[in-house]
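Residues per chain are reported as follows:
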Amino acid sequence: MNTLVHGVCPHDCPDTCGFITEVTDGRAVRLYADPNHAVTGGWLCAKVRPYLDHVYHPGRVRYPLRRVGPKGSGQWARISWDEAIAEIAGRWQAIMAEYGAEAILPYSYSGTLGLVQMGVASARLWNRLGASRLARTICGAAAEMAVEMTLGARYSQPYSDVAHSRLVIVWGHNPVSTAPHFMPALRAAQRQGCQLVVIDPRRTRTASGADWHLAPLPGSDGALALGLAHVIVEAGLQDEAWLAAHTVGWPALRARLADYDPGRVAAITGLAEADIIQLARLYATTRPGLIKIADGLVRNRNGGQNVRAVCALPAITGQYGRPGGGLAYSTSGYVQWDAAAVGHMAECPPPGRVVNMNRLGAALLGEAADPPIKALYVFGANPAAVAPNAGAVVRGLQRDDLFTVVHELFMTDTADYADIILPATSQLEQTDLHKAYGTTLLAYNAPAIPPLGEARSNWAVMCLLAAALGFGEPWLQQDADEVIAEVLAATAAHNPALAGITLADLRRGGALPLALAEPTPFAGGEGGCQFPTPSGQVELFSEALAALGLDPLPGWAGQEDDGDVAREVDLDPAGGLYLISSAAHHFVTSSFANQPALQQREGEPFVEIHPVDAAARGIRPGDRVIVANGRGWCALRAVVTEATRPGVLVSPKGRWSKLHGGRNVNWTTSDALGDMGGQSTFHSNRVWLRKAPPDPAQLG
Ligand SMILES: Nc1nc2c(c(=O)[nH]1)N[C@H]1C(S)=C(S)[C@@H](COP(=O)(O)OP(=O)(O)OC[C@H]3O[C@@H](n4cnc5c(=O)[nH]c(N)nc54)[C@H](O)[C@@H]3O)O[C@H]1N2
Ligand SMILES: Nc1nc2c(c(=O)[nH]1)N[C@H]1C(S)=C(S)[C@@H](COP(=O)(O)OP(=O)(O)OC[C@H]3O[C@@H](n4cnc5c(=O)[nH]c(N)nc54)[C@H](O)[C@@H]3O)O[C@H]1N2
Ligand code: SF4
Ligand SMILES: [Mo]
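Nothing here was measured: the structure is a model prediction, and the numbers come from that model. (Residues numbered from 1 in each chain as written. Chains lettered and ligands numbered in written order. Predicted model: local features only at pLDDT ≥ 70, side-chain atom pairs only at ≥ 80, totals over all residues. Heavy atoms only, no water.)

Draft legend 1. How the structure looks around helix H12 (residues 262–269). Within H12 the residues assigned to the buried category are Pro 262, Val 265, Ala 266, Ile 268 and Thr 269. One side of H12 holds all its buried residues, which, seen down the axis, span an arc of 165°. Buried positions along H12 lie against helix H9 (221–234) and helix H13 (273–285). (Buried < 20%, exposed > 50% of the residue type's maximum accessible area, 1.4 Å probe, protein only. Helix = DSSP H or I, 4+ residues; strand = E, 2+ residues; numbered from the N terminus. Arc of directions from axis to C-beta. Contact = heavy atoms within 4.5 Å.)

Draft legend 2. Looking closely at the sheet that holds strand S1 (residues 2–8). Taken in spatial order, the 3 strands make up an open sheet running S1-S2-S3, and their pairing is antiparallel. In this open sheet, the two edge strands, each paired with only one partner strand, are S1 and strand S3 (27–33). Across the sheet, the mean angle separating the axes of adjacent strands is 25° when strand polarity is ignored. Pairing between S1 and strand S2 (residues 18–24): 7 bridges, direction antiparallel. (Pairing = 2+ DSSP bridges. Axes fitted to C-alpha atoms, helices over the stretch in contact; angles between N-to-C directions.)

Draft legend 3. View of the domain arrangement of the protein chain. Split by domain assignment, the protein chain resolves into domain 1 (3–55), domain 2 (65–139 + 354–495), domain 3 (157–329 + 523–547) and domain 4 (563–699). Using C-alpha coordinates to define each centre, domain 2 is positioned 38 Å away from domain 3. Contacts between domain 2 and domain 3 engage 4 residues on the former and 5 residues on the latter. Summed over both sides, the interface of domain 2 with domain 3 buries roughly 330 Å², with 42% coming from carbon and sulfur. On the surface where domain 2 and domain 3 come into contact, there are 0 salt bridges. Along the contact surface separating domain 2 from domain 3 lie 1 residue pair in polar contact (both at pLDDT 80 or more). Among the residues forming the side of domain 2 that touches domain 3, the class breakdown is 3 nonpolar, 1 polar and no charged. (Domains from an automatic or database assignment. Buried area = accessible area lost by both parts, 1.4 Å probe. Salt bridge = Lys/Arg side-chain N within 4 Å of Asp/Glu carboxyl O. Polar contact = N/O pair within 3.5 Å; in protein donor to acceptor, adjacent residues only side chain to side chain. Nonpolar A, V, L, I, M, F, W, Y, C, P; charged D, E, K, R; others polar.)

Draft legend 4. A look at empty space enclosed by the protein. Scanning all chains against the criterion turns up 7 cavities of 30 Å³ or more. Size it by volume and the largest cavity reaches roughly 100 Å³. Along its surface, the largest cavity is lined by 13 residues, and Cys 9, Cys 13, Cys 17, Cys 45 and Val 48 are the ones closest to its centre. Classifying every residue of the lining of the largest cavity gives 8 nonpolar, 3 polar and 2 charged. (1 Å grid on protein atoms, 1.4 Å probe; cavity = no way out; pocket = protein on both sides within 12 Å on 5 of 7 lines; lining within 4 Å. Points joined across faces, edges and corners; volume = space filled by probe spheres on them.)

Draft legend 5. Layout of the site of ligand 1. Lining the immediate environment of ligand 1, one finds 32 residues, of which His 173, Asp 200, Gly 219, Phe 587 and Thr 589 sit closest. In the model, a nitrogen atom of ligand 1 is placed 3.2 Å from a nitrogen or oxygen of the Ile 199 main chain. Asp 295 is positioned such that a nitrogen or oxygen atom in its backbone is 3.0 Å from an oxygen atom of ligand 1. Contact with the protein chains removes 98% of the 900 Å² of surface that ligand 1 exposes when unbound. (Near = heavy atom within 4 Å. Areas by Shrake-Rupley, 256 points an atom, 1.4 Å probe, with all protein chains shown as cover.)

Shown next, in the form of structure tokens:
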């Protein structure tokens, strides 16, 4: 008999599509877009269309495994779940007795974005243990902080709002690949005459469809935004009345703009002075204009300030709170799950110390010293492939005295270093609830098929571990629906956006819209605008940032890489290059990068280099090259193309090192922290590039 089951795409993508799985005799035979989902619109992206290849991939881990050879040697023996849980609980108890619970570090991120399998699974058991807490900073921490400090909350308009825009500036974002369901709305607006400008060091798929593509140097966006503001003010195109009514700190920011004349900004950004002036005039006069940003402009040393500076532009032109105008970053602020219901922290021992996930390698190698990290539990993440400074991460994972558990669907780069591997369910085999960061819909994922082999969900494993550790709290034994019901009720009690949405409604399938009083962010209130900041206004000057010892005004403090890396860069006679490692079109970070059909479409790992830079180094198209710096190196295939600008190399993230010679681009990326929120700085990466020697292993 055929059944149809409503599910939700769990991957790290703002669209959070709905899909339907057709099941025959317990096997998923077809998976397709939910035709009634308002954002999915009847089609899935290239990554998730072949989802059943992911679910039924022959590489799925089906049983618990124990390491039997040296770490990383790939020798495993199948064990039972009872043995696995008893061993983990026993090892943890011994570690806690000697070092305390903070010697245990859970590490999870975005394998799934579900409330149960990621949100609650990353909180409850670990709080109850008093384990080290993970600062979840690898993605957009500085942008989140910058937007909240400036505007008060992460609110964003529905994709369809772009129908009102006369101009869209897509800035540090590549939605054709990373938010594909925004594109039909944008294309429709373009057909009605809306102009599209893309600001990105690389001519991305999104930039190829733009009226104008500007390619600044990585990390220079804050200076560019302040330069645009300088030109706008010089031309008298700012909205002084709006600024007076709705902002704090305009006179101070205005004074600072004197430092950002187009000449200086051209030198910093590598753009032409005339282009800076033209873009400023275009933005100030083509209204309403939407600035749509993502994390391309944040993953560097001054990412927080870059975002603060960009957030100032709609204020200077008085465009917040208007359909088609303002800033689009994330819709995450409309629903923040009730923290007490998610984590039950008040019923737990004192919170453990915080370990920044960007410093995983350093932490494992001794930066987290008191106590040292003796146990690592990884789920929904693949840090050996995706965390910065992979060499340090791998050296940390190789520690013989580190007890590592990896809960995974696949034998990833990280799983290779586990002591115990636990088989994880895919989204078709588990229950969850999903809000989105690009839309304002809420949807329930019902399991469509039984777990493959002995796979269990993240939360199911936590419940087993809690029982084995003797924790009797009922909130450590709820099933997924009970977890959802509790968190939904607790959140609805203080958030009217959830009014009238029940678990029963959600379980009927399909996405439900949040009950937002006002779809246009920050619209309403006296004078037409309101901001949930302490002052109720756009905080161009932020007391809160000043209190943290940070620059209270948007600014641009330079974009450097570490000193020892710079020395290595000097070894390149043609000079160092920036290396940015943005999203691959056919993977979601390292998810799907082991799927043959998608690998084939993405091609072998490559680095794009501008013809001028290639010529200076004697590189021809297709050459095998080494990119390297003081942190490490990796071997890639050169693609010589004008799609990237001079001085900038591009090599997308997500490759599994083990499938491509043992190293990926993260062997070069920096684990230094950015200016706000403990942000990752993947794109503050200077490297040298040269032809690969016949045997790259000789590089050490
Ligand atoms: N296909 C696909 N989709 C994804 C992902 C994926 O891996 N693949 N990842 C998901 C995740 S985890 C996230 S966080 C989002 C990210 O979504 P996006 O932020 O849209 O993706 P990125 O490719 O990381 O960055 C966007 C663009 O920023 C550019 N960029 C890099 N540095 C700079 C800079 O300094 N200034 C400017 N102006 N631009 C810069 C890059 O060239 C890139 O084209 O996408 C999600 N969706
Ligand atoms: N060089 C470079 N590196 C980057 C970035 C960059 O811009 N440049 N971007 C960074 C960003 S934005 C992000 S968000 C991170 C993302 O990094 P991660 O959050 O680590 O994401 P993935 O690489 O997709 O790995 C997720 C893993 O979770 C597993 N998984 C999926 N579902 C489940 C589940 O239900 N249970 C369990 N137990 N496992 C599951 C998948 O099989 C996969 O191996 O990468 C970062 N890495
Ligand atoms: S990855 Fe994004 S676009 Fe693709 S199906 Fe999932 S939510 Fe939709
Ligand atoms: Mo991310």
